[in-house]
Amino acid sequence: MSTPTGDNAFLHELEAEVKAELTVAESSPSEEEAAALPMDEWMFDPAYTQSEEVGLRNLLGAVEALEGDSRPDDTGRGPGRGRSA
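Residues numbered from 1 in each chain as written. Predicted model: local features only at pLDDT ≥ 70, side-chain atom pairs only at ≥ 80, totals over all residues. Heavy atoms only, no water.

A. Structural detail: the side chain of E67. Of note, E67 is situated in helix α3 (residues 46-70). Look at E67 and you get buried, because its relative accessible area is 9%. Apart from residues lying up to four places away in sequence, E67 is in contact with L11, H12 and E15. (Helix = DSSP H or I, 4+ residues; strand = E, 2+ residues; numbered from the N terminus. Buried < 20%, exposed > 50% of the residue type's maximum accessible area, 1.4 Å probe, protein only. Contact = heavy atoms within 4.5 Å.)

Okay, here's the thing in structure tokens:
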């Protein structure tokens, strides 16, 4: 396994960080579980947690797409070069 360099290293680190944050968001109590507790015992508002999880999933998808774009393809054309007609 090779270690990513440059932008790839940044994207790899960002992906790992987003996945860790997503794990935390996913382990937060659901809206149903939170509804069973008094509001003053909530660590986070369930609506905020749900919104945060959606944002993290979007960010993870964007990072994965960027990582895919930065990998060399098998056509010999690098990222941003498009297809020839």
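B. Seen up close, a nonpolar patch on the surface. A surface patch of nonpolar side chains, amounting to about 410 Å² of accessible area, comprises M43, F44 and Y48. Summarising the element assignment, Y48 is placed in helix α3. A relative accessible area of 48% means that Y48 is categorised as partly exposed. (Patch = residues over 30% accessible without salt bridge, like charges linked within 9 Å, V, L, I, M, F, W, Y side chains within 5 Å. Areas by Shrake-Rupley, 256 points an atom, 1.4 Å probe, with all protein chains shown as cover. Salt bridge = Lys/Arg side-chain N within 4 Å of Asp/Glu carboxyl O.)

C. Inspection of the environment of D45 at higher detail. With respect to the helices and strands, D45 occurs in the loop between α2 (31-35) and α3. Take D45: its relative accessible area is 42%, and that puts it in the partly exposed class. It is 8.4 Å that separates the C-alpha atoms of D45 and A34, two residues lying 11 residues apart in sequence. Engagement of the side chain of D45 in a polar contact is seen with the backbone nitrogen of A47, the distance being 2.9 Å. (Polar contact = N/O pair within 3.5 Å; in protein donor to acceptor, adjacent residues only side chain to side chain.)

D. Structural view of α3. In a regular helix each residue adds 1.5 Å, so 25 residues correspond to 36 Å; α3 covers 36 Å between its end C-alpha atoms and thus fits that length. Those residues of α3 that sit buried are P46, T49, L56, L60, V63 and E67. Measuring from the side-chain oxygen of the N-cap residue of α3 to the backbone nitrogen of A47 gives 2.9 Å; that N-cap residue is D45. (Expected span 1.5 Å × (residues − 1).)

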